[in-house]
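The primary structure of each chain is shown beneath.
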Amino acid sequence: MEITHTEESGILLIAIKGRLDGLTVPSAERSINEILGSGSNRLLFDFSELEYLSSAGLRVVLSAAKEIKRRAGRTVLCAMQGYVKEIFEVSGFGSIIPIKDTVESGIAELQ
Amino acid sequence: MPKETISFKLDNRLSELETLNKKIDTFGVQAGLPKKCVFEIRLVLEEIFTNIAYYGSRDDRGHWIKVSMSCENNIITIQIEDDGIPFNPLDLEKPDLYCNLEDRDIGGLGIYLVKHYTKECVYKRRGNNNVLILKKTISPDL
């Protein structure tokens with residue numbers, strides 16, 4: 001699991017690559033909290049290279065989105081692939097956080 | 001299809017997830033399972049395993065979790081047995097999927113996913129052990 005982030009025009013983009021499971025979630029959570037420390041309130045998660053996630057991973061995404069909401073900001077999820085996308089759908093995330101097909105449409109949603 | 005079976009024992013430590021995943025992959029290859037199906041078994045077993053590892057024991061004694069998987073006539077049967085305190089994860093409440101972000105509860109999704117990705121889940125207490133039996137139809141790759 002690897003996390004990278006960039007911030008451009010007030011939009012914080014966090015890309016998570018690899019597996020977000022019970023083993024990798026503690027370190028993912030630490031990294032994300034640290035990144036959110038920048039105080040940004042527009043967050044885009046790029047999941048184009050996310051290969052797997054379990055409920056532990058869903059919880060990390062949900063807590064980040066809740067934190068952004070507390071800052072009166074917005075979170076968008078984007079570019080998830082096949083089976084990973086299905087897990088987000090089954091968990092009903094689409095009704096609480098906007099999901100976009102590409103990074104570009106995710107950025108557009110936050111502008 | 002001939003019957004394929006695999007059976008192994010893990011300690012109830014989170015670090016054993018790695019061994020669990022390797023065993024699932026081996027089983028997937030042996031039974032010739034589609035990729036999507038292996039992905040779903042990994043998800044289901046991770047959820048059950050982490051639940052047992054978190055809640056299944058309340059003492060310092062080391063506990064074990066035994067997993068058996070078999071595949072016959074397009075049905076995968078997974079049995080998970082552990083020697084922890086009586087605990088039925090299937091009783092955990094279903095999360096409210098339709099509330100707004102602020103009210104959305106952070107827990108409860110794991111078992112919800114297990115139920116979604118299996119056809120049948122049964123819990124029983126057998127002697128001093130918890131036994132969960134899951135049945136899953138083989139989902140083809142799309």
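Model, not experiment: these values are computed from the prediction.

**Focus on the environment of A:I11**
All names here are of chain A.
And then number 1: Turning to its location among the elements, I11 is positioned in strand β2 (residues 11–20).
And then number 2: For the pair formed by I11 and K100, sequence separation is 89 residues and the distance between their alpha carbons is 15 Å.
And then number 3: Leave out the neighbours within four places in its chain, and I11 touches T6, R42, L44, I107, L110 and Q111.

**With respect to the environment of B:N74**
All names here are of chain B.
And then number 1: By secondary structure assignment, the location of N74 is in the loop between β2 (64–72) and β3 (75–82).
And then number 2: Judged by relative accessible area, which is 39%, N74 ranks as partly exposed.
And then number 3: It is 27 Å that separates the C-alpha atoms of N74 and L109, two residues lying 35 residues apart in sequence.

**Observations concerning the sheet that holds strand β4 (residues 120–126) of chain B**
Residue and element names in this part refer to chain B.
And then number 1: Here five strands make up an open sheet; going across it, the order is β1-β2-β3-β5-β4 and the pairing antiparallel. Only two strands of the sheet have a single neighbouring strand rather than two, namely β1 (4–11) and β4. With direction set aside, neighbouring strand axes in the sheet form an average angle of 15°.
And then number 2: When β4 meets strand β5 (residues 129–137), the two strands line up antiparallel, connected through seven bridges. Bridge pairing in β5 links C121 to L134.

About the thresholds
Residues numbered from 1 in each chain as written. Chains lettered and ligands numbered in written order. Predicted model: local features only at pLDDT ≥ 70, side-chain atom pairs only at ≥ 80, totals over all residues. Heavy atoms only, no water. Helix = DSSP H or I, 4+ residues; strand = E, 2+ residues; numbered from the N terminus. Contact = heavy atoms within 4.5 Å. Buried < 20%, exposed > 50% of the residue type's maximum accessible area, 1.4 Å probe, protein only. Pairing = 2+ DSSP bridges. Axes fitted to C-alpha atoms, helices over the stretch in contact; angles between N-to-C directions.

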